[in-house]
Amino acid sequence: MAGFGGVRKFGQYGVILLVLVLFGTYASAEPFCGEVSFSVYPISITSGTSIDRTFALQNNSAEGFYIDDFNAYDIDADFNVIKLSNDSYAGPNATASLYINISASSGVSSKTSSAYAKVNGHFASGKACDYNALGEKTFGITITGGIVAVDAECTKVKISAHAVGMGENSSVAETFTLQNNSSQNFYIDSFMVDENSNDVFAIEQGYGDVANANGTADLSLKVESYSTSENKTATAYAKVAGHFTSGTQCNSNAIGETGFSIYVAGSASTNCNDFLLSVPSEKRMLNSAEIGIAAENPTQSSATITISGGNIGVNQSTVSVPAGETISKTLTLSNLEGDEAWLAYDVILENCNIPSGITHIVKGADYVEVAHYNSAVEIEDEANVKVELKNNSPDAKQFALAITGLPADWEVQYLQGSLEGEETRAVVLGVRQKNAVFGNSYAAKLVLSYDSAQVERDIEFSAMRSGQIENASIQTSVVQKDDEKGSYEVSVVVENGSASGISGAIEIEVPGNWEVEGAKEIAVPAGGAAQTTLTVIPDKAQKAGEIGSVSFVARDGRKLEEFVSFTPKGVAASVAFAAFATNAVFFGFIAIIVVAIIFVHRGRISGTRRESVEWPYNWGKEAGEKPF
């Protein structure tokens, strides 16, 4: 009975084993030919030369693929396309190379034709894929007639890579960028990745066929890590080979390999998530730019941030973050090659794997400027400061505008807002003074803030009064001199009946093309008088009388003014208004005539200028004010 029981048990095991074998056979997915493909690309060749090229076969299945045959040929007498050799095997999810040679006849100035390539093979399981299953590929060949396009330099092709961080027993997919800074298209023939460590495995996954002139192409790779109790750091290398449209060939040595770091966090890593790294995701720049980064390290170990990037210069390659401290740094960027670059920030911290930070650097303006503003402002009780802001970036910008440095009891408006990309806008800041000393000036700063930048401009407020000066008077006399210019001598007397002295400047309003010479500054003591003489040189074409004015403008802004006339070859008496009281009817009639002459004449001499006056910027026409 025992023997029959053993037989029964053996039979049960046999049935189970048969089921497992059958299940495994039918559950395993069979590879199909559509998972294998090969790529070709256009080829340019110089007349009378011969070049080698490499195509790639990609096996996207989980089973190895054997190449049974590869062939390349043409049907044009001016070209000769032949197969050189090929790799015999493409592993699971791996690539194999197909090598060809192309030669072009001499004496052909320019010609374009087609050539053909085809592959067949079988999977490790035995499934076959013939030429029809994998397809025949057509690629163009162009003879350039012996004229090779310029700017085809292998050193203009660079790989932009970044550090890779990962945990133990894991895998990550990464994408690097091939930057072509040449004016020709660059065709990628191969892409390879290798490493120098037993703790990680890096392998290429695919790549774009071409990096257009001054353009980019993607390079895909995968990194796997193995079990480790401690943090590990490895160095890997990426390299490409290819050729330009002109036919110039670049092997990986000519282009140069690009190294990148791989950080693996061991199982002993703790409290790593407490470390915080803050970097901008994107930054625009022209010749140079500044970016701010910050890091908080609450752990018990010191950390180091390594900063690297291709196609961009940075003034600092490492930043230390002591244990338990928070730091902020400003980095200066320069020498951007091409239209973009990537800056990588890799954190090295004991027993930790901190994700790397990445900043995308883009060529272009990224700043807001103070295009125009009132740098000198007169204020009595209150005044408006007009500012024109210009956003040179294509992106919208938040901004703040303030005036600082004024006395604490002054009231100053503060503005916040946003500017659309490329927008120019005029805004107004209101200022109200308190306890200002009239005649004094107050230096301040106009401050524009946006992003992490700050722009400052100097601005000066002059506390000035309006209206007439009390207990003071001005008298003038005008006499034409006997000189060849027909100059006028203008004598000005200012009398001060107040208990304090006053000082200021004499201003003479004359037609715009006339000249005024002489000392304009004058000081008048309390209860006294002061006199100065100025020379007015008229335009040579003067034939008729002109009406002008003479003013004494005190430093606090108040003024005394009197109208005068400039008549050729005669003496023009000043318009003394006190004389009107003597004969009210007669002088009233004369006053009407003088006022009429003044208004008509001022309309006629639109070119009239006043000494020491700066005309303000025309805000309305050029900028256009836009309220918030």
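Residues numbered from 1 in each chain as written. Predicted model: local features only at pLDDT ≥ 70, side-chain atom pairs only at ≥ 80, totals over all residues. Heavy atoms only, no water.

(A) Molecular detail of the state of the cysteines. Counted by the stated rule, this structure contains two disulfides. Each disulfide pairs two cysteine sulfurs, and for cysteine 33 the partner residue is cysteine 129, the sulfurs being separated by 2.1 Å. Across the S-S bond linking cysteine 33 and cysteine 129, the dihedral sits near -95 degrees, which makes this disulfide left-handed. Here cysteine 33 is found in the loop between helix H1 (2-27) and strand S1 (36-39), whereas its partner cysteine 129 is found in strand S9 (residues 128-129), with 96 residues between them in sequence. Across the pair, exposure class does not vary: cysteine 33 and cysteine 129 are buried alike. (Disulfide = S-S within 2.5 Å. Helix = DSSP H or I, 4+ residues; strand = E, 2+ residues; numbered from the N terminus. Buried < 20%, exposed > 50% of the residue type's maximum accessible area, 1.4 Å probe, protein only.)

(B) Main features of the pattern of salt bridges. Within the structure shown, the criterion is met by 15 salt bridges. For the salt bridge of aspartate 451 with lysine 397, the shortest nitrogen-to-oxygen distance reads 2.5 Å. Of the two residues, aspartate 451 sits in the loop between strand S37 (441-450) and strand S38 (453-463) while lysine 397 sits in strand S33 (residues 397-404), which places them 54 residues apart along the sequence. Aspartate 451 sits in the exposed class, given a relative accessible area of 51%. A salt bridge links arginine 425 to glutamate 423; the nearest nitrogen and oxygen atoms lie 3.2 Å apart. Taken together, the shared-partner salt bridges connect Lys283, Asp366, Lys397 and Asp451 into one network. (Salt bridge = Lys/Arg side-chain N within 4 Å of Asp/Glu carboxyl O.)

(C) Representation of the nonpolar core in the model. Core analysis: the biggest nonpolar cluster contains 33 residues, and Phe55, Leu57 and Phe139 have the highest contact counts within it. Secondary structure elements with two or more residues in this core: S1, strand S2 (43-45), strand S3 (50-59), strand S4 (65-74), strand S5 (79-86), strand S7 (94-104), strand S8 (111-123) and strand S10 (136-143). Beyond its immediate stretch of four places on either side in the chain, phenylalanine 55 contacts Ser39, Val40, Tyr41, Ile43, Ala96, Ser97, Leu98, Ile100, Ala117 and Phe139. Counting residues in each nonpolar core, the second largest holds 30 residues, with Val193, Ala202, Leu221 and Ala238 among its members. (Core = buried A, V, L, I, M, F, W, Y, C linked by side-chain atoms within 4.5 Å. Contact = heavy atoms within 4.5 Å.)

(D) Inspection of the confidence of the model for the protein chain at higher detail. Summarising the model, the protein chain shows a mean pLDDT of 81, and 83% of its residues fall at 70 or more. Long-range and interchain partners of residues 1-28, a stretch whose pLDDT sits below 50, account for zero contacts in this model, where long-range means more than four residues apart. In this model, residues 570-628 is a region of pLDDT below 50 whose contacts with residues beyond four sequence positions or in other chains number 89 contacts. (pLDDT = per-residue confidence, 0-100.)

(E) The arrangement of the sheet that holds strand S17 (residues 216-225) in detail. Reading across the sheet, the four strands line up as S11-S13-S17-S15 and stay open at both edges, with antiparallel pairing between neighbours. Strands with a single pairing partner mark the edges of an open sheet, and in this sheet they are strand S11 (157-160) and strand S15 (200-207). The average angle at which neighbouring strand axes cross in this sheet is 25 degrees, direction not considered. As paired elements, strand S13 (residues 171-180) and S17 share nine bridges and run antiparallel to each other. Along S17, the bridge assignment pairs threonine 177 with aspartate 218. (Pairing = 2+ DSSP bridges. Axes fitted to C-alpha atoms, helices over the stretch in contact; angles between N-to-C directions.)

(F) Up close: the environment of asparagine 181. Residue position: asparagine 181 is located in the loop between S13 and strand S14 (186-195). The buried category is assigned to asparagine 181, whose relative accessible area is 14%. Separated by 26 residues in sequence, asparagine 181 and threonine 155 place their C-alpha atoms 8.9 Å apart. Side-chain polar atoms of asparagine 181 contact the side chain of glutamine 179, separated by 3.2 Å. (Polar contact = N/O pair within 3.5 Å; in protein donor to acceptor, adjacent residues only side chain to side chain.)

(G) Representation of the pairing of strand S32 (residues 382-391) within the structure. Alignment of strand S30 (residues 368-373) against S32, held across five bridges, turns out to be antiparallel. Looking at the pairing, glutamate 369 lines up with lysine 390 of S32. Relative to strand S36 (residues 424-432), S32 is paired through nine bridges, and the arrangement is antiparallel. Residue pairing for S36: valine 385 is matched across the bridge by leucine 429.

(H) Examining the side chain of arginine 425 more closely. Mapped onto the elements of the fold, arginine 425 is located in strand S36. The exposure class assigned to arginine 425 is buried, which follows from its relative accessible area of 6%. At 3.2 Å, the side chain of arginine 425 and the side chain of glutamate 423 are in polar contact.

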